[in-house]
Amino acid sequence: MGSEEVLKSASTLASYNVLLQVMFRLLTFFLNAFTLRFVSKELIGVVNVRLMLLYTTLVFLSREAFRRACLSGEGAGRNWRQVINLLWFTLPLGCLWGGLLVCVWWWLLQAPDPETVPHYVPAVGLFCLAALTELLAEPLWVLAHAHMLVRLKVVAESLAMIAKCLVTVVLVVSAPKWGLYIFSAAQCVYAGFLLLCYIMYFLHFLGSKEAERKAFPLHHVSQLLPTRRNGQPLIDWKLATLTWSFFKQSFLKQILTEGERYVMTFLNVLNFGDQGVYDIVNNLGSMVARFLFLPIEESFYVFFAKVLERGQDARHQKQEEVSIAADVLECLLKLVLLIGLIITAFGYSYSHLALDMYGGELLSSGTGPSLLRCYSFYVLLLAINGVTECFVFAAMSKEEVDRYNLVMLALSASFLLLSYWLTWLLGGVGFILANCCNMGLRIMHSLIYIHRYFQYSGHTPLTGLRPHPALLITLAISSVITAFSESMFCCDSGWLLKLVHVATGALCLLVVVTVVFLTETGLVQFIKNQLLPKYSKKHT
């Protein structure tokens, strides 16, 4: 598969992933707004912070390293039998992590009040079971992702999320006294639907004419199971070594990604009610980062990993592919930077209104608006870091990955200390400020690597981080206008004045988008040609 074809496939995958994540976040958004009317904020805190931390930790540590290693390099020259054998190690690894984490969650962490949050102990076991169920689909997920079967992920995760939401809504309304059993059942349904969709798809796909047309390397369902051929090693040991390097890195990355939840869970700096408010604000603030930036990062990591040769600088690779990679990186940086700047500029003036509409006085009073305002700046850093690390992880050699693990170790330790100290001083805002500091350091490391990588190639993709001056001026003026509008019309003067405030922001946003179209023509063409599937299909 040529670099142009890989780019088209990765762009289509990014577009579908964005649509999928939009749906996920909207469903979760409305689901949280609905459940806030029926359950306590303490219950929300236990589910969204403690139990989901167990789930994400188990799943991430069991599969992330395998995903990154098995999606690196060119799939056409790979022994997929050995890759599948390696991927099945995610399940026993998940069982080991599950046993360890369940013991910690049961016996080492402070249990919530059973009167306020009932059924904590069985809920921990059920969330662990759901995580192990999702790990069963991992070999199928990697096969689908490596061969750009983009619609499978969209359909599977959509159906699983819809099923989870339906179960949650029905049980919250009909049996609110079940407490944590409601959310445990919903999570098990999600994992079961996800696994079932992947199994049903591959039962139909393997051996079909579509599989032959795509030159799919497997032909029978039995080939999805771990087997050993005579005269061949069980796994590719070079790939296993790379997986080990990514595993050490993923452990540290998980601490950085979920650091504030670990601090909340293990150090008890916030009670369960405050954890619930913080998590709701955190999810609301990170919606764009999760449904837009993360899919772009995941999809274009596949593109960079397939186009570039790991461990070689730009001078020692095919210049045509280096040029394409540099152009794509520049456009991606400019795209996420502009989105981040818009969120930062408008987030300050609309945080209070957003929380008031979403959760009422429960969220809009107290520290909620301050948390969301700080998060609007943090989203800008998330945007830049996601794309820069996406490229860096795809281009690094195994030795460079190992060295970066030491950097991540230092960042993890400093983050935990800084977050504990800042939270003790500032409350929930301290978590966001600690994240900003660590994200800034990670961005600096990635920018230095990218600069050195392209230093002698004649390509300068980091110019994507320099938006047009006219756009910066427009954003600054819009920020001032919307801040004045908030002080005049929002948020205790009735819905009519609130609508005036919203209309003011909409008008400013329209002006900003117009300036983008006039000044960033290269970026606009990239979005039309690569990130809009319908447009791409018309021209292919």
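Treat the numbers as computed from the prediction; the structure is a model and nothing was measured.

**Focus on the overall build of the protein**
Point 1. Within the protein, the secondary structure is distributed over 22 helices and zero strands.
Point 2. For the C-alpha atoms alone, the extent of the protein along its principal axes is close to 75 × 55 × 45 Å.
Point 3. Expressed as a percentage of contacts within the protein between residues at least 6 apart in sequence, the contacts between residues at least 24 apart total 83%.
Point 4. Entry remark: accessible area of the protein is about 23,400 Å², with carbon and sulfur atoms responsible for 67%.

**Some details on the packing of aromatic side chains**
Point 1. Summed over all chains, the structure comprises 21 aromatic pairs.
Point 2. On the basis of an interplanar angle of 55 degrees and a centroid distance of 5.7 Å, the ring pair of Phe-393 and Tyr-404 is categorised as tilted. In this pair, Phe-393 is assigned in helix α16 (residues 368-395) and Tyr-404 in helix α17 (residues 398-426), connecting sequence segments eleven residues apart. No difference in accessibility class separates Phe-393 from Tyr-404, as the two residues are buried.
Point 3. The residue whose ring lies beneath Arg-373 is Tyr-348, and the NZ or CZ to ring-centre distance is 4.9 Å.
Point 4. The residue whose ring lies beneath Lys-498 is Trp-495, and the NZ or CZ to ring-centre distance is 4.4 Å.

**With respect to the packing of helix α5 (residues 120-135) against helix α8 (residues 180-205)**
Point 1. Contact geometry for α5 and α8: axes closest at 8 Å, N-to-C directions at 10 degrees. Taken together, the axes of α5 and α8 lie roughly parallel to each other. Where α5 abuts α8, its residues Tyr-120, Pro-122, Ala-123, Leu-126, Phe-127, Ala-130, Thr-133 and Glu-134 lie against Leu-180, Tyr-181, Phe-183, Ser-184, Gln-187, Cys-188, Tyr-190, Ala-191, Gly-192, Leu-194 and Leu-195.
Point 2. Broken down by class, the residue content of the contact of α5 with α8 amounts to 14 nonpolar, four polar and one charged.

**With respect to the side chain of Ser-446**
Point 1. Relative to the helices and strands, Ser-446 is located in helix α18 (residues 428-453).
Point 2. With a relative accessible area of 0%, Ser-446 lands in the buried category.
Point 3. Beyond its immediate sequence surroundings of up to four residues, Ser-446 is in contact with Thr-388, Glu-389 and Val-392.

**Section: the nonpolar core**
Point 1. With 174 residues, the main nonpolar core has Tyr-198, Phe-202 and Phe-304 as its most contacted residues.
Point 2. It is helix α14 (residues 319-359) that contributes the most residues to this core, 21 residues altogether.
Point 3. If we skip the residues at most four places from it in the chain, Phe-304 touches Ala-325, Val-328, Leu-329, Leu-332, Cys-390, Phe-391 and Ala-394.

**Thoughts on the packing of helix α6 (residues 138-146) against α8**
Point 1. At a minimum axis distance of 10 Å, the contact between α6 and α8 shows a crossing angle of 60 degrees. Between α6 and α8, the angle falls in the class oblique. Classified by chirality, the crossing of α8 by α6 is left-handed. For the pair formed by α6 and α8, the contact residues are Leu-140, Trp-141, Leu-143 and Ala-144 on the first element and Tyr-198, Ile-199 and Phe-202 on the second.
Point 2. Tallied by class, the residues present in the contact of α6 with α8 amount to seven nonpolar, no polar and no charged.

**With respect to the side chain of Ser-419**
Point 1. Along the chain, Ser-419 falls in helix α17.
Point 2. Dropping the residues within four chain positions of it, Ser-419 is found in contact with Val-263, Phe-431 and Ala-434.

**Re helix α3 (residues 80-87)**
Along an α-helix, residues three or four apart share an orientation, since each turn contains 3.6 residues.
Point 1. Of all eight residues making up α3, eight are buried, and the element is well covered by its neighbours.
Point 2. Taken residue by residue, α3 has Trp-80, Arg-81, Gln-82, Val-83, Ile-84, Asn-85, Leu-86 and Leu-87 as its buried positions.
Point 3. Of the surrounding secondary structure, the elements contacted by the buried residues of α3 are α2 (41-70), α4 (90-108), α6 and α10 (237-257).

**With respect to a nonpolar patch on the surface**
Point 1. A contiguous nonpolar surface patch, about 440 Å² in accessible area, is contributed by Leu-196, Ile-199, Met-200, Leu-203 and Val-221.
Point 2. With respect to the helices and strands, Met-200 occurs in helix α8.

**As for the environment of Leu-43**
Point 1. One can find Leu-43 in helix α2.
Point 2. Residue Leu-43 is classed as buried on the basis of its relative accessible area, which comes to 5%.
Point 3. A sequence separation of 75 residues divides Leu-43 from Pro-118, and the C-alpha atoms of the two residues are 8.8 Å apart.
Point 4. The contact partners of Leu-43, leaving out residues within four places of it in the chain, are Val-117, Gly-179, Leu-180 and Phe-183.

**Looking at unusual backbone geometry**
Point 1. Positive phi outside glycine occurs at His-119, with the angle close to 70 degrees.
Point 2. As for its position among the elements, His-119 is in the loop between α4 and α5.

**Here we look at the environment of Gly-505**
Point 1. Its place among the elements puts Gly-505 in helix α20 (residues 495-519).
Point 2. Taking the C-alpha atoms as reference points, Gly-505 and Phe-346, 159 residues apart in sequence, are found 7.5 Å from one another.

**Side note on α8**
Point 1. With 26 residues, α8 should cover 38 Å at 1.5 Å per step; its first-to-last C-alpha distance of 38 Å lies within 8% of that length.
Point 2. Taken from the residues just after α8, Gly-207 is the one with a positive phi, measuring 85 degrees.

**Comments concerning the environment of Ile-384**
Point 1. Within the fold, Ile-384 resides in helix α16.
Point 2. The exposure class of Ile-384 is buried, given its relative accessible area of 11%.
Point 3. Ignoring sequence-local partners within four residues, the contact set of Ile-384 consists of Val-336, Leu-337, Ile-443 and Leu-465.

**Quick notes on the confidence of the model for the protein**
Point 1. In the predicted model, the protein carries a mean pLDDT of 83, and 91% of its residues have values of at least 70.
Point 2. Ranking the elements of the protein by mean pLDDT puts helix α22 (residues 533-538) last with 39 and α5 first with 96.
Point 3. This stretch, residues 533-540, has a pLDDT under 50; its non-local contacts, to residues over four places away or in other chains, come to eight contacts.

**Overview of the pattern of salt bridges**
Point 1. Applying the stated criterion across every chain, the model contains eleven salt bridges.
Point 2. For Arg-63, the salt bridge goes to Glu-134, with nearest N and O atoms at 2.9 Å. With a gap of 71 residues between them, Arg-63 in helix α2 and Glu-134 in helix α5 connect regions that are remote in the sequence. Residues Arg-63 and Glu-134 agree in their burial class; the two are buried.
Point 3. When salt bridges with common partners are traced through the structure, they connect Arg-63, Arg-67, Glu-134 and Glu-138 into a single cluster.

What counts, and at which threshold
- Residues numbered from 1 in each chain as written.
- Predicted model: local features only at pLDDT ≥ 70, side-chain atom pairs only at ≥ 80, totals over all residues.
- Heavy atoms only, no water.
- Helix = DSSP H or I, 4+ residues; strand = E, 2+ residues; numbered from the N terminus.
- Contact = heavy atoms within 4.5 Å.
- Areas by Shrake-Rupley, 256 points an atom, 1.4 Å probe, with all protein chains shown as cover.
- Phe/Tyr/Trp six-rings, centres within 6.5 Å; stacked < 30°, edge-to-face > 60°.
- Buried < 20%, exposed > 50% of the residue type's maximum accessible area, 1.4 Å probe, protein only.
- Lys NZ or Arg CZ within 6 Å of the ring centre and 35° of its normal.
- Axes fitted to C-alpha atoms, helices over the stretch in contact; angles between N-to-C directions.
- Parallel < 35°, antiparallel > 145°, perpendicular 65-115°, else oblique.
- Nonpolar A, V, L, I, M, F, W, Y, C, P; charged D, E, K, R; others polar.
- Core = buried A, V, L, I, M, F, W, Y, C linked by side-chain atoms within 4.5 Å.
- Left-handed = near helix turned anticlockwise from the far one by under 90°.
- Patch = residues over 30% accessible without salt bridge, like charges linked within 9 Å, V, L, I, M, F, W, Y side chains within 5 Å.
- Salt bridge = Lys/Arg side-chain N within 4 Å of Asp/Glu carboxyl O.
- Expected span 1.5 Å × (residues − 1).
- pLDDT = per-residue confidence, 0-100.

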